[in-house]
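Topology and contacts: notes
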Amino acid sequence: MTYIITEPCVGVKDAACVDVCPVDCIYTTDDDDMFFISPDECIDCAACEPVCPVTAIFAEEAVPAMYEEYIKINYDYFDK
């Protein structure tokens, strides 16, 4: 299981999640409009979830239906 960053992060890119991640598995580039969590590197510690100021991070199995498309978006980001 991994954590998924969803639509509320788009355009915000607050790095609080990056700062608390113990395995540095949250990525972005200057061209990206949000952050992404590597499903291969995430250790499911949940440290990122409570610090997100826009409530954009969810455990994969708990992503709200309205944001489910972000599961695929996240996995596709790392399949480049």
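Each remark here, short or long, concerns the structure printed above.
Because the structure is a prediction, the values reported are computed rather than measured.

1. As for the overall build of the chain
Of the regular secondary structure elements, the chain holds 3 helices and 4 strands. The secondary structure elements of the chain, listed N-terminal to C-terminal, are β-α-β-β-α-β-α. Along the longest, intermediate and shortest principal axes, the C-alpha atoms of the chain span 25 × 25 × 25 Å. Looking at the 80 residues of the chain, the share that counts as buried comes to 38%. Sequence separation of at least 24 residues holds for 64% of the intrachain contacts in the chain that already meet a minimum separation of 6.

2. Concerning the packing of aromatic side chains
Here the structure, examined in full by the defined rule, presents 4 aromatic pairs. Judged by centre distance (3.8 Å) and plane angle (10°), the rings of phenylalanine 36 and tyrosine 77 are stacked. One end of the pair, phenylalanine 36, is in strand β3 (residues 36-37); the other, tyrosine 77, is in helix α3 (residues 69-78), and 41 residues separate them in sequence. Exposure remark for tyrosine 77: the relative accessible area of 14% places this residue in the buried category. Counting every residue linked through ring pairs, the aromatic cluster contains Tyr27, Phe36, Tyr77 and Phe78. One cation-aromatic arrangement involves lysine 13 over phenylalanine 35; the distance from NZ or CZ to the ring centre is 6.0 Å.

3. Quick notes on the pattern of salt bridges
Using the criterion set out here, one finds 1 salt bridge in the structure. Among the salt bridges present, the one from lysine 72 reaches aspartate 76, with a minimum N-O distance of 2.5 Å. In this pair, lysine 72 and aspartate 76 are both assigned in helix α3, 4 residues apart and thus about one turn of the helix distant.

4. Describing the environment of alanine 47
With respect to the secondary-structure elements, alanine 47 resides in the loop between β3 and α2 (48-51). Between the C-alpha atom of alanine 47 and that of valine 20, which follows or precedes it by 27 residues, the distance is 6.2 Å.

5. Section: unusual backbone geometry
A positive phi angle, near 70°, is found at alanine 46, a position not held by glycine. For alanine 46, the location among the structural elements is in the loop between β3 and α2. When its relative accessible area of 22% is taken as the criterion, alanine 46 is described as partly exposed. Of note, the phi angle at threonine 55 is positive, near 50°, even though the residue is not glycine. Taking relative accessible area as the criterion, threonine 55 reaches 52% and is therefore assigned exposed.

About the criteria used
- Residues numbered from 1 in each chain as written.
- Predicted model: local features only at pLDDT ≥ 70, side-chain atom pairs only at ≥ 80, totals over all residues.
- Heavy atoms only, no water.
- Helix = DSSP H or I, 4+ residues; strand = E, 2+ residues; numbered from the N terminus.
- Buried < 20%, exposed > 50% of the residue type's maximum accessible area, 1.4 Å probe, protein only.
- Contact = heavy atoms within 4.5 Å.
- Phe/Tyr/Trp six-rings, centres within 6.5 Å; stacked < 30°, edge-to-face > 60°.
- Lys NZ or Arg CZ within 6 Å of the ring centre and 35° of its normal.
- Salt bridge = Lys/Arg side-chain N within 4 Å of Asp/Glu carboxyl O.

It is worth stressing that arrangement in space is one thing and function is another; only the former is reported here.
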